[in-house]
There are 2 protein chains.
Amino acid sequence: MEFSSKLLEKAVNEMAQLPGIGKRTSLRLVLHLLKQPKEHTGFLVQALTSMREEVKFCVSCHNISDVAVCEICSNTKRDHQIICVVEDIRDVMAIENTGQFRGIYHVLGGKISPIDGVGPSQLNINSLVEKVKTGNVSEIIFALSSTMEGDTTNFYIFKQIQDCDIITSTIARGISVGDELEYADEVTLGRSILQRVPFEKSFKG
Amino acid sequence: MEFSSKLLEKAVNEMAQLPGIGKRTSLRLVLHLLKQPKEHTGFLVQALTSMREEVKFCVSCHNISDVAVCEICSNTKRDHQIICVVEDIRDVMAIENTGQFRGIYHVLGGKISPIDGVGPSQLNINSLVEKVKTGNVSEIIFALSSTMEGDTTNFYIFKQIQDCDIITSTIARGISVGDELEYADEVTLGRSILQRVPFEKSFKG
């Protein structure tokens, strides 16, 4: 792509560093900003800068937060004995949206993935193990995605806490609500049969 | 969407103002920035700010430029008698990429579109008409997209310059190179038959 302006080129190239944004999309976005009043770019730039500079992570669960201890961890109405282990803060938001979970979270910040060079030491695993060993935790719910990396991470954590006297569980895998059976993959369908639930319980939630 | 941080929420909302970027995509982009070193956000913010503040538009063709007269307009090797009228600077880039055009451009900055509240006065039409009436222009090539708005804009400009002694043309409409006839729409296929070209000429370009 040939640009008639170095400034434009630089802006497009920087924007194209974002995941899923190619050069063409980037150009469209940047030209949109150019057509808008200057304040619009100012607002965006300001919001990004202060977010990146000032945002904090909860010292307890590593969720994103504006204060040292996030709202969920400091909420005394929640059950602090049940910890849901998730990969990143998007998962916290997703589970919070369901309104079905009243415990607290622990954000790992990723999954163990040797291919991507992510080992256990880069994730917030130690603080979780410590929490389990020292605190009054009754249950750990693994809510990582059901991939090889997710399973590896689950297993790595499980190994470290298996001697503790707590319940460990994973979220249920099965056919999505509303999905047609014929389009489900074999593994999911197989699991959903093996891990079938009593009919009376299936109405809940 | 419930955010655990106001800073994050603000950044996501600002990013979601960009065209084609929804809240979810915006969140993904912002979280990506959070995972990267702070400099990455700095570079992006810096590039956007200086682009928005310092970028200029060529006084002659209204193309984006770092200097008062853009490279194309100041290039004496190009044919300044042939002006290609385009909607925005992306079209300039697209035509430049073909390497088939050696004239200069005139960027309108949009199309006449009453529905979107865009009238002729908001576009760079007057400067084009003036250029045609005073300068030594031999040909105007309309290269707007072939929509109702594009055709309206073409016609509006044509009406104003039809008394001048110049050639006016539009870019050819027809079946795309490599396209299957059966998938072409009727209007395009119809035009491509009406405006057929001599076989010997069809090899060119």
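Definitions and cut-offs
Residues numbered from 1 in each chain as written. Chains lettered and ligands numbered in written order. Predicted model: local features only at pLDDT ≥ 70, side-chain atom pairs only at ≥ 80, totals over all residues. Heavy atoms only, no water. Salt bridge = Lys/Arg side-chain N within 4 Å of Asp/Glu carboxyl O. Helix = DSSP H or I, 4+ residues; strand = E, 2+ residues; numbered from the N terminus. Buried < 20%, exposed > 50% of the residue type's maximum accessible area, 1.4 Å probe, protein only. Pairing = 2+ DSSP bridges. Axes fitted to C-alpha atoms, helices over the stretch in contact; angles between N-to-C directions. Contact = heavy atoms within 4.5 Å. UniProt positions renumbered as here; feature names shortened; annotations may be inferred. Buried area = accessible area lost by both parts, 1.4 Å probe.

Engineer: I tried to follow the pattern of salt bridges on my own but got confused; where do I start?
Structural biologist: Between side chains of opposite charge, a pair can form as their charged atoms come close. Residues and elements named next belong to chain B. For the coordinates displayed, the defined rule picks out ten salt bridges over all chains. With a shortest N-O distance of 3.6 Å, lysine 111 and glutamate 87 are connected by a salt bridge. Of this pair, lysine 111 sits in the loop between β4 (103-107) and α5 (126-134) while glutamate 87 sits in the loop between β3 (79-86) and α4 (89-98); the two residues are 24 residues apart in sequence, bridging distant segments of the chain. Residue class for lysine 111 comes out buried when judged on its relative accessible area of 19%.

Engineer: What should I look at first to understand the sheet that holds β4(B) in this one?
Structural biologist: Hydrogen bonds between backbone atoms are what pair the strands of a sheet, whose relative direction is either parallel or antiparallel. All names here are of chain B. One open sheet holds the four strands; their spatial order is β4-β3-β5-β6, and the pairing between them is parallel. On the outer flanks of this sheet lie β4 and β6 (167-170), each paired with one strand and no other. Each adjacent strand pair in this sheet contributes to an overall mean axis angle of 25°, direction not counted. Bridge analysis of strand β5 (residues 139-142) against β6 gives four bridges, and the strand direction is parallel. Within β6, the position partnered with isoleucine 141 by the bridge is serine 169. Lying over the sheet, helix α6 (residues 148-161) contacts β3, β5 and β6, oriented at roughly 165° with respect to β5.

Engineer: I keep staring at the UniProt feature "zinc finger region: C4-type" (unreviewed entry) in chain A and nothing clicks. Help me out?
Structural biologist: Sites flagged by UniProt as "zinc finger region: C4-type" (unreviewed entry) map to residues 58-73 of chain A. Annotated as residues 58-73 of chain A, this span is 0% helix and 12% strand, and its ends, taken at the C-alpha atoms, are 8 Å apart.

Engineer: It is not clear to me how the interface of chain B and chain A should be interpreted in this structure. Could you clarify?
Structural biologist: Buried accessible area, meaning the area lost when the parts come together, often serves as the stated size of an interface. The partner chain A presents 52 residues to the 53 residues of chain B that form the contact. Looking at the side of chain B facing chain A, the largest losses of area belong to B:Leu7, B:Leu34 and B:Arg52, adding up to 14% of the total buried there. In this structure, the connection of chain B to chain A is made through two salt bridges. Mapped onto the side of chain B that touches chain A, the elements with two or more residues apiece are α1 (6-15), α2 (23-35), α3 (38-54), β2 (64-65) and α4 of chain B.

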